[in-house]
Amino acid sequence: MTKQKVWFVTGASRGFGLEIVKEALGFGDQVVATVRNSPELLASKLDNPDNLSVVVLDVTNEQQAYEAAGQAIKRFGRIDVLVNNAGFGLLSAVEEATDKEVKRNFEVNVFGLLNVTRAVLPYMRKERPGHVINISSIGGLTGNVGWGVYGSTKFAVEGLTEAMAKELAPLGIHATVVEPGLFRTEFLDVTSLTRTSRVIDDYAETVGEMRSFATEVNKKQPGDPVKLAKALILLANAEKPPVHLPMGKDTLTFFKEKMDLFEKDIEAWFDVITGTDHDDVIS
């Protein structure tokens, strides 16, 4: 019989976060769902079940992160699964993004994730085991026009998770980074996606087309967020969870294309790549 788990899910008011909370509650687990404001609205939307606690958390506020983790422990006694889901997109050419826009994207997507992780891991290390699940993106596996800055935040999440998986493994704690492709959430809505205030005409054929595509594909994406949430229940209960879990056929296609190009570059530049060691280094 599967042991009841305690989940801590950030960014739970909508999108992936909301669907993950619903699935975990339906599975019979206990859930701490975090929102930036109006916790009573989410609790009411979910019919105020006994196995739910909704707490206020702006992930960029480190003190709030520690307080929220403390509230979770006070309510349920432990945290078994941390889902770092809070984040937002920035659609912009790399050059177009202002310093303020870039810093804000990193502040939420990277530093916010670190704030919450630092707040929760001490409890996981005390209890053992545990599972940290970081929500990345197809943009964390391969760069694309218009998503350079946002993708770089997710590339950071990829690297952090890979290192954490190695650091935490001896403690019995798992770390997985989940890379969704295009899913039918609010991600591309004006309320979620930030479009840079600066637009450079020279990028009209690249980033400009991506802006148009983002508008056209909104609410028509192939991915089903409910199915992703169900997959995360399987992930959280796996004995040997993967470090990487790409979600969606589109993610696999883009990543394979990247690796094929990478292999071709390595083949074409093999002599240069392998010719940079000192002469006294034995191959």
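An account of the accompanying structure is given in this report. (Residues numbered from 1 in each chain as written. Predicted model: local features only at pLDDT ≥ 70, side-chain atom pairs only at ≥ 80, totals over all residues. Heavy atoms only, no water.)

Quick notes on the environment of leucine 25
Filter applied, for reference: Note on conventions: DSSP H or I runs of at least 4 residues are helices, E runs of at least 2 residues are strands, and numbering of each starts at the N terminus. Note on classification: 1.4 Å probe, protein chains only; a residue is buried when its accessible area is under 20% of the maximum for its type, exposed when over 50%, partly exposed between these limits. Whether two residues touch is decided by their heavy atoms; if any such pair falls within 4.5 Å, the residues are in contact.
Relative to the assigned elements, leucine 25 resides in helix α1 (residues 15-26). Residue classification places leucine 25 among the buried residues on the basis of a relative accessible area of 12%. With 19 residues separating them along the chain, leucine 25 and valine 6 place their C-alpha atoms 9.8 Å apart. With residues up to four places along the chain from it excluded, the contact list for leucine 25 reads Val31, Leu46, Pro49, Asn51 and Leu52.

What about the nonpolar core?
How we decide: For this analysis, a nonpolar core means a set of buried residues of the types Ala, Val, Leu, Ile, Met, Phe, Trp, Tyr and Cys, connected via side-chain atoms within 4.5 Å.
Among the nonpolar cores identified, the biggest contains 30 residues, and Trp7, Val21, Val31, Val83 and Leu232 are the most heavily contacted of them. Secondary structure elements with two or more residues in this core: β1 (6-9), α1, β2 (30-35), α2 (39-45), β3 (52-56), β4 (81-84), β6 (130-135) and α7 (225-236). With sequence-adjacent residues up to four places away left out, leucine 232 is seen in contact with Trp7, Ile20, Val83, Ile133, Ile135, Val178 and Met247. In this structure, Val32, Ala69, Ile73 and Val120 belong to the second largest nonpolar core, which totals 27 residues.

What about the packing of helix α3 (residues 62-76) against helix α4 (residues 99-127)?
Under the convention used in this document: Each axis is a line fitted through C-alpha atoms, taken for helices only over the stretch in contact, and angles between the N-to-C directions span 0 to 180 degrees. Take the far helix as the reference: if the near one is turned anticlockwise from it by less than a right angle, the crossing is left-handed, and if turned clockwise, right-handed.
Contact geometry for α3 and α4: axes closest at 8 Å, N-to-C directions at 35°. Judged by the sense of rotation from one axis to the other, the crossing of α3 with α4 is right-handed. Of α4, the residues touching α3 (which contributes Glu62, Ala65, Tyr66, Ala69, Gly70 and Ile73) are Asn115, Val116, Arg118, Ala119, Val120 and Tyr123.

Focus on α7
The following threshold applies: The span expected for a helix works out to 1.5 Å for each residue beyond the first. As used here, the arc belongs to the directions running from the helix axis to the C-beta atoms. Two N or O atoms form a polar contact when they lie within 3.5 Å of each other; inside protein one atom must be a possible hydrogen donor and the other a possible acceptor, and for residues adjacent in sequence the pair counts only when both atoms belong to side chains.
For α7, which comprises twelve residues, the first-to-last C-alpha distance of 16 Å matches the rise-based estimate of 16 Å (1.5 Å per residue) to within 8%. Inspection of α7 places Pro225, Leu228, Ala229, Leu232, Ile233, Leu235 and Ala236 among the buried residues, and these make up the whole buried set. All buried residues of α7 lie within an arc of 160° about the axis, which places them on one face of the element. Exposed residues lying more than 90 degrees from the buried face of α7 are Lys227 and Leu234. Contacts from the buried residues of α7 go to β1, α1, β4, β6, β7 (173-180) and β9 (244-247). Capping the start of α7 is the job of one residue whose side-chain oxygen sits 2.9 Å from the backbone nitrogen of valine 226: aspartate 224.

Remarks on the pattern of salt bridges
This is how it is decided: Salt bridges are defined as contacts in which a side-chain nitrogen from Lys or Arg sits within 4 Å of a carboxyl oxygen from Asp or Glu.
For the structure on display, the rule yields eight salt bridges. A salt bridge links glutamate 19 to lysine 22; the shortest N-O distance between them is 3.9 Å. You can see glutamate 19 and its partner lysine 22 sitting in helix α1, three residues apart, about one turn around the helix.

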